[in-house]
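# Observations on the model geometry
Residue strings, one per chain:
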Amino acid sequence: MTKLYSGAEIVFKCLEDQDVKFIFGYPGGAVLPIYDELKNHSSIKHILVRHEQGAGHAAEGYARSSGKPGVVLVTSGPGATNVVTALTDAYMDSVPLVCISGQVPTHLIGTDAFQECDTTGITRPCTKHNWLVKDIKDLPNILHDAFQVATTGRPGPVLVDIPKDIQFAKAKYSKPKKIKKTNGKSNNRFSQNDIDELIDLISKAKKPVVYSGGGVINSGPKASESLKEFVRLIGFPITSTLQGLGAFPGDDNQFIGMLGMHGTYEANNAMHDCDLLINIGARFDDRITGKIDEFSPKSKKVHIDIDPSSINKIIKVDLAIVGDVNEVLKSTVKKINKKQNGFKTSNKQNISKWWEQIQKWRTKDSLGFINSEKTIKPQHAVQRLYELTKNQDTFITTEVGQHQMWAAQHYKFNKPNRWMTSGGLGTMGYGLPAAVGVQIAHPDKLVVDIAGEASVLMTMQEMSTAVQYNLPIKIFVLNNQYMGMVRQWQELLHEKNYSESYSEALPDFVKLAEAYGCKGVKADNPDELDNKIQEMIDHKGPVIFDCQVDPNENCFPMIPSGKPHNQMILGPNDKEENKITGKGKALV
Amino acid sequence: MANPKSAYSIPTKKGKLDTHILVVWVDNESGVLARVVGLFSGRGYNIESLAVAEVDASKNISRITIVTTGTPQVIDQIKLQLKKLVPVHKVADFKREDKKVIFKEMALLKVVGNKKKIEKTLKVCKSFSPVILDKTKQSVVIQITALRREIDKVSKKLKSLGLTSTSRTGAIAMTRGAEVFK
């Protein structure tokens, strides 16, 4: 007779078979049987967070930096609702998460029982799929399916809601089937004709640009290698979305910087003027496209994406290749190499004028800023952090706002999975718990959360988690006392009415760090910045770094709303800019 | 004009709206209708009518027929988004004008009135193969099966004859001929 296992045991057997090493969670009444079982499974370590949102973001950081799915365990009711923000964040940024939530016993469902909520109802729009387990016999397959759905195709979060009586009930356990088709939801069926057509477009292009996104990262480190090989082979300029940073080396000459609302002058102008645009694993987000009808008006557009619903959603494309980025790039490179016959050199000649144009745009130095000897400029702080950490394998997370854009602009990423940021949902409070998850995945690496003081206070409680597990995360707070991006919009668009964007009564971050039992460092002078950053890096435990920066600094360049890519507002040290600002301000 | 102070782009002009009938084959499991309907409301798509029932008990398959309107781009999106749902097996899409497809909707109509009005009522319904389901001295319940716009027309005409209740199923669809949608 086959052995019967309790629901709680089955949960752990599944996690073991899925090779899960860490769970991020918080106990409560409706998941106690699962927590009770934890002690019997030494290969799985539970990380106790301080708030369920923190568990979700930590799992996201873990997943993004390791390429493995993040696992979250929460209780019913408030436990589940608290994790909704993180699930939505993961859904928007395509991060594979498996969230297991407790639920009140089946006979109490629908009775407004204590800590009951309609978890599957609430999380339906923010997960790829979710399950309410009503029969213990279904549990093993549902859990295996959950991992399958979360990690295949375009990755994303899933949730399995397990009522308490199911956790006690007993059933047989079955191992995951080797290859399980989930209704053909993963799409990798591009044809060689598509590849031929792509190569044809590449060989004809005179003003091409490659625009890569988070899909390259999600396709795995090999996809980044393929991307490098592909881009070097064809010699095209490449720009990247916020999520795609690191897929192609940020300090490479072919890389023309991030594009979009706060992208570089050369990247946005290249997007606008190009005659061939190759989108690799990006989704034409509205922060990227600006005004849709004037987006890259003269180009043939190619879109490589694993999610068919991403294609033609925002921008109509001329060639759609539905497939895994790595597979598509590999076969393209293979085919180009096979063809050879002078294609490589002749094509580079074709685009030499285009490169000259790009060099001209580059001379604008659109990321430039006026540095100061008296106050720390936030861009300068990020640059110094980069210079002092670039010689070691550093992982950067961010919160959301100005600091996030400065980090994206001034920190150069050379490898994938080193950059964790909330792009789609724009969740303030993402970076600190994400850093916890990254450090769990990479215990010996340097993990820095480039933060803003407003964002970081939203999930500050997770410092306690970092201290408990001795995770030496560095919270590098660019403290300008404002919700900087809100303040910037109010300055530019709302006649400097700084409505509620100034935080009075901020905590003393050094004392706060000490209260949590970690180290606090404060810098308010450019002269001492380097030493203080070094002090932070050298410290073995977690650090909160209070970097007092110029509160009036704005994030430039910037595409004002409703404007195409070639009408950017540049920074204050550009002479021409004053004209554009005047005009731009009237228009925005 | 959209608010020029918005941090988002200004809406661009919309294309022509077409009416489409989408047929969706799904696993008949709890919450599946909520997933489909939630997708429509969450992404701002229209539902003009919706009909659903299990069609294959052994395979546990339900067939959902949705009448919707949208620009060609939106209709494409609806189909692709539906196909991404885990319990969805396949999605068929027909234009309302499509001659190769049969569209039908059923309605139950209750008319309360004297003999004369009831007779007139039956006359109005005559061309839609009416079935009298219930008849008393002062009332009649009629079942008709017709196109949506025909039922619209009939119920408009019956208003003055004492139509008190209308119940409609929403359109269902099937292709003509031997072909089967795969």
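Residues numbered from 1 in each chain as written. Chains lettered and ligands numbered in written order. Predicted model: local features only at pLDDT ≥ 70, side-chain atom pairs only at ≥ 80, totals over all residues.

## Considerations on the overall build of chain A
- When you go through chain A residue by residue, the secondary structure sums to 25 helices and 20 strands.
- Radius of gyration (C-alpha) of chain A: 25 Å, near the 25 Å computed for a compact globule of 588 residues.
- Considering chain A as a whole, with its 588 residues, one finds that 55% of them fall into the buried category. (Helix = DSSP H or I, 4+ residues; strand = E, 2+ residues; numbered from the N terminus. Rg over C-alpha atoms; globule rule 2.2 N^0.38 Å. Buried ≥ 20, exposed ≤ 12 C-beta atoms within 10 Å, placed from the backbone.)

## Overview of the pairing of strand β17 (residues 446-452) of chain A
Residues and elements named next belong to chain A.
- Counting buried positions along β17 gives six out of seven residues, so the element sits mostly inside the fold.
- Sheet topology places strand β15 (residues 394-398) next to β17; five bridges connect them, and they run parallel. When the bridges of β17 are listed, T394 appears paired with L446.
- Sheet analysis places β17 next to strand β18 (residues 474-479), joined by five bridges and oriented parallel. Bridge pairing in β18 links I450 to F476. (Pairing = 2+ DSSP bridges.)

## A closer look at the packing of helix α12 (residues 265-273) of chain A against helix α16 (residues 352-362) of chain A
All names here are of chain A.
- Their axes nearest at 8 Å, the elements α12 and α16 cross at an angle of 140 degrees. Between α12 and α16, the angle is such that the two are oblique. Classified by chirality, the crossing of α16 by α12 is right-handed. Facing α12, whose interface residues are Y265, E266, N269 and A270, α16 presents I358, W361 and R362.
- Here the contact of α12 with α16 is built from residues that sort into four nonpolar, one polar and two charged. (Axes fitted to C-alpha atoms, helices over the stretch in contact; angles between N-to-C directions. Parallel < 35°, antiparallel > 145°, perpendicular 65-115°, else oblique. Left-handed = near helix turned anticlockwise from the far one by under 90°. Contact = placed C-beta atoms within 7 Å. Nonpolar A, V, L, I, M, F, W, Y, C, P; charged D, E, K, R; others polar.)

## Section: the sheet that holds strand β19 (residues 519-523) of chain A
Residue and element names in this part refer to chain A.
- The strand order β16-β15-β17-β18-β20-β19 describes an open sheet built from six strands, whose pairing is parallel. This sheet does not close on itself; its edge strands, each paired only once, are β16 (419-420) and β19.
- Sheet topology places β18 next to strand β20 (residues 543-548); six bridges connect them, and they run parallel. Residue pairing for β20: F476 is matched across the bridge by F545.
- Helix α17 (residues 378-389) rests against β15, β17, β18 and β20 of the sheet, and its axis sits at about 180 degrees to β17.
- Helix-sheet contacts for helix α24 (residues 526-538) involve β17, β18, β19 and β20, and the interaxial angle to β19 is about 165 degrees.

## Comments concerning the confidence of the model for chain B
- Averaged over every residue, the pLDDT of chain B is 92; the share at 70 or more is 96%.
- Quick note on the complex model: pTM equals 0.94, ipTM equals 0.90. (pLDDT = per-residue confidence, 0-100.)

## Side note on the sheet that holds strand β1 (residues 18-27) of chain B
All names here are of chain B.
- Strands sit in the order β2-β3-β1-β4 across an open sheet of four strands; the sheet is antiparallel. Either end of the sheet is taken by a strand with one partner, and the two such strands are β2 (49-56) and β4 (88-95). When the angles between neighbouring strand axes are averaged without regard to direction, this sheet yields 20 degrees.
- Where β1 lies against β4, seven bridges are found, and the strand directions are antiparallel. Note that in β4 the partner of V26 across the bridge is V88.
- The strands that helix α2 (residues 72-84) touches are β1, β3 (61-70) and β4; relative to β4, the one it contacts most, it runs at about 160 degrees.

## Focus: the environment of D251 of chain A
Residue and element names in this part refer to chain A.
- Structurally, D251 can be placed in the loop between β10 (238-240) and β11 (255-258).
- Residue classification places D251 among the exposed residues on the basis of 9 C-beta atoms within 10 Å.
- A C-alpha to C-alpha distance of 32 Å links D251 and A466, two positions 215 residues apart in sequence.
- Apart from residues lying up to four places away in sequence, D251 is in contact with K412 and N414.

## Concerning the environment of A441 of chain A
Residues and elements named next belong to chain A.
- Inspection of the secondary structure assignment puts A441 in helix α19 (residues 431-441).
- Here the alpha-carbon distance between A441 and N40, two residues 401 residues apart in the chain, equals 22 Å.
- Other than its neighbours up to four places away in sequence, A441 contacts Y62, S65 and S66.

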